[in-house]
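Analysis of the macromolecular model
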Amino acid sequence: MKAERSILKSIVVRLGGFHTEMSLLGSIGQIMNSSGLSELLETVYASTAVGYMHLCFGHMFSDKAISRAVRGHFLTQTALTRLITSETYYFPQYTPGTDTDYPSQSYLYDKENFPKADTTCVDNQKPSESYQILSSEIEQLITVFEGIIQSNISIESLNDNPTINIESEHIITFRKSLKNCCTASLLFQDMYTVKLLRQFITAERTGNWNLHLKSLQQMLPYITASGHNLYAKSVHIYLQQMLNLPATKP
């Protein structure tokens, strides 16, 4: 008589989402160390709270520290996105300590790599015409946003939306213009890692298996670069096993 197959052999162990998220937060904290992120967050949180967040960056197992760190990174990403949008569409910016909304130099630029003013206009139009073009694009963006709020436009269709594609090209062009600026490169890297954090949290909360694996693949280089060797090893082996799951557990 054959021995019954153990039910445990059909169980697949899944990598813990909380510890993986904590490792990524630690990686972001190490990458952004001495970058001014602490001083930035102290404008929102108390200095003691920011110090407590650093415990999270140092792998302190605390739900409150994790939640506070996630909120802090999301706020930073929102502020940087607003700054990029202001630069792209010539929106006025508030300069701390002054009465003007037009700073003499963007916070994204380095003093030694400050780019020369670009006198070219959209489609070689005159300046007044280029501003009119940008204004019409902003109106189109508002229309798309209102369509999303009113459920007239689905989220899935945004990748093929011509208005969104045009705005994405503007953002990409603007980012390329800052490729020689060290400060901008560091901030863009921070925005990308926070984007990975958002993506991973979305995958965990929605149960999206493919997005879960994709997020881990994109997070692995940052976890490895920050010296989290045990986490990097676990994620690497886990990805190998999960990607081979259709063959081992058909």
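Residues numbered from 1 in each chain as written. Predicted model: local features only at pLDDT ≥ 70, side-chain atom pairs only at ≥ 80, totals over all residues. Heavy atoms only, no water.

1. So, the overall build of the protein
Looking only at helices and strands, the protein has 10 helices and zero strands in total. Written out in order from the N terminus, the α and β elements of the protein read α-α-α-α-α-α-α-α-α-α. When burial is assessed residue by residue, the protein has 34% of its 250 residues classed as buried. When contacts within the protein are restricted to residue pairs at least 6 apart in sequence, those whose partners lie at least 24 apart make up 63%. For the protein, the accessible area works out to roughly 16,100 Å², and carbon and sulfur atoms hold 56% of it. (Helix = DSSP H or I, 4+ residues; strand = E, 2+ residues; numbered from the N terminus. Buried < 20%, exposed > 50% of the residue type's maximum accessible area, 1.4 Å probe, protein only. Contact = heavy atoms within 4.5 Å. Areas by Shrake-Rupley, 256 points an atom, 1.4 Å probe, with all protein chains shown as cover.)

2. A word on the packing of helix 8 (residues 209–225) against helix 9 (residues 229–243)
Taken N-terminus to C-terminus, the directions of helix 8 and helix 9 make an angle of 150°; their axes are 10 Å apart at the nearest point. Judged on the interaxial angle alone, helix 9 and helix 8 are roughly antiparallel. When the axes of helix 8 and helix 9 are compared, the crossing they make is left-handed. Across from Trp-209, His-212, Leu-213, Leu-216, Gln-217, Leu-220, Ile-223 and Thr-224 in helix 8, the residues of helix 9 making contact are Tyr-231, Ala-232, Val-235, His-236, Tyr-238, Leu-239, Met-242 and Leu-243. In terms of residue class, the contact of helix 8 with helix 9 is built from 12 nonpolar, four polar and no charged. (Axes fitted to C-alpha atoms, helices over the stretch in contact; angles between N-to-C directions. Parallel < 35°, antiparallel > 145°, perpendicular 65-115°, else oblique. Left-handed = near helix turned anticlockwise from the far one by under 90°. Nonpolar A, V, L, I, M, F, W, Y, C, P; charged D, E, K, R; others polar.)

3. Here's the deal with the nonpolar core
One finds Leu-216 and Met-219 to be the most contacted residues of the largest nonpolar core, which totals 27 residues. Ignoring sequence-local partners within four residues, the contact set of Met-219 consists of Thr-20, Leu-24, Leu-196 and Phe-200. Judged by nonpolar contacts, the second largest core, of nine residues, contains Leu-80, Cys-181, Ala-184 and Leu-187. (Core = buried A, V, L, I, M, F, W, Y, C linked by side-chain atoms within 4.5 Å.)

4. Things to note about the packing of aromatic side chains
This structure, assessed with the given rule, holds one aromatic pair. Ring geometry for Tyr-192 versus Tyr-222: centroids 6.1 Å apart, planes at 45°, classification tilted. Residue Tyr-192 is found in helix 7 (residues 182–206), and its partner Tyr-222 is found in helix 8; the two are separated by 30 residues along the sequence. Given the relative accessible area of 32%, Tyr-192 is considered partly exposed. Residue classification places Tyr-222 among the buried positions, given a relative accessible area of 18%. (Phe/Tyr/Trp six-rings, centres within 6.5 Å; stacked < 30°, edge-to-face > 60°.)

5. Thoughts on unusual backbone geometry
Negative phi characterises most residues that are not glycine, and trans characterises most peptide bonds. One non-glycine residue, Ser-151, lies in positive phi territory at about 65°. In this structure Ser-151 comes out as exposed when scored by relative accessible area, which is 62%.

6. Looking at the environment of Gly-29
Position of Gly-29 among the secondary structure elements: in helix 1 (residues 17–31). Residue classification places Gly-29 among the buried residues on the basis of a relative accessible area of 14%. Taking the C-alpha atoms as reference points, Gly-29 and His-73, 44 residues apart in sequence, are found 9.8 Å from one another.

7. Quick look at helix 8
For an α-helix the count is 3.6 residues per turn, leaving residues at separations of three or four pointing the same way. Across its 17 residues, helix 8 extends 25 Å between first and last C-alpha, which sits within 8% of the 24 Å expected from 1.5 Å per residue. Maximum bend of helix 8: about 35°, positioned at Met-219, with proline Pro-221 one to four residues after it. Buried-residue contacts for helix 8 involve helix 1, helix 7 and helix 9. For helix 8, the side-chain oxygen to backbone nitrogen distance between the N-cap and Asn-210 is 3.4 Å, and the N-cap itself is Asn-208. Among the residues trailing helix 8, Gly-227 stands out with phi positive, at a value near 85°. (Expected span 1.5 Å × (residues − 1). Bend = angle between axes of the 7 residues up to and from the residue. Polar contact = N/O pair within 3.5 Å; in protein donor to acceptor, adjacent residues only side chain to side chain.)

8. Quick notes on helix 6 (residues 162–176)
Taking 1.5 Å as the rise per residue, helix 6 with 15 residues should run 21 Å; its terminal C-alpha atoms sit 21 Å apart, in good agreement. Buried within helix 6 we find Thr-163, Glu-167 and Phe-174. Mapping the buried residues of helix 6 onto a view down its axis gives an arc of 25°, with all of them on the same face. Opposite the buried face of helix 6, at more than 90 degrees from it, the exposed residues are Pro-162, Glu-169, Thr-173 and Lys-176. A distance of 2.9 Å separates the backbone nitrogen of Thr-163 from a side-chain oxygen at the start of helix 6, and that oxygen is part of Asn-161. (Arc of directions from axis to C-beta.)

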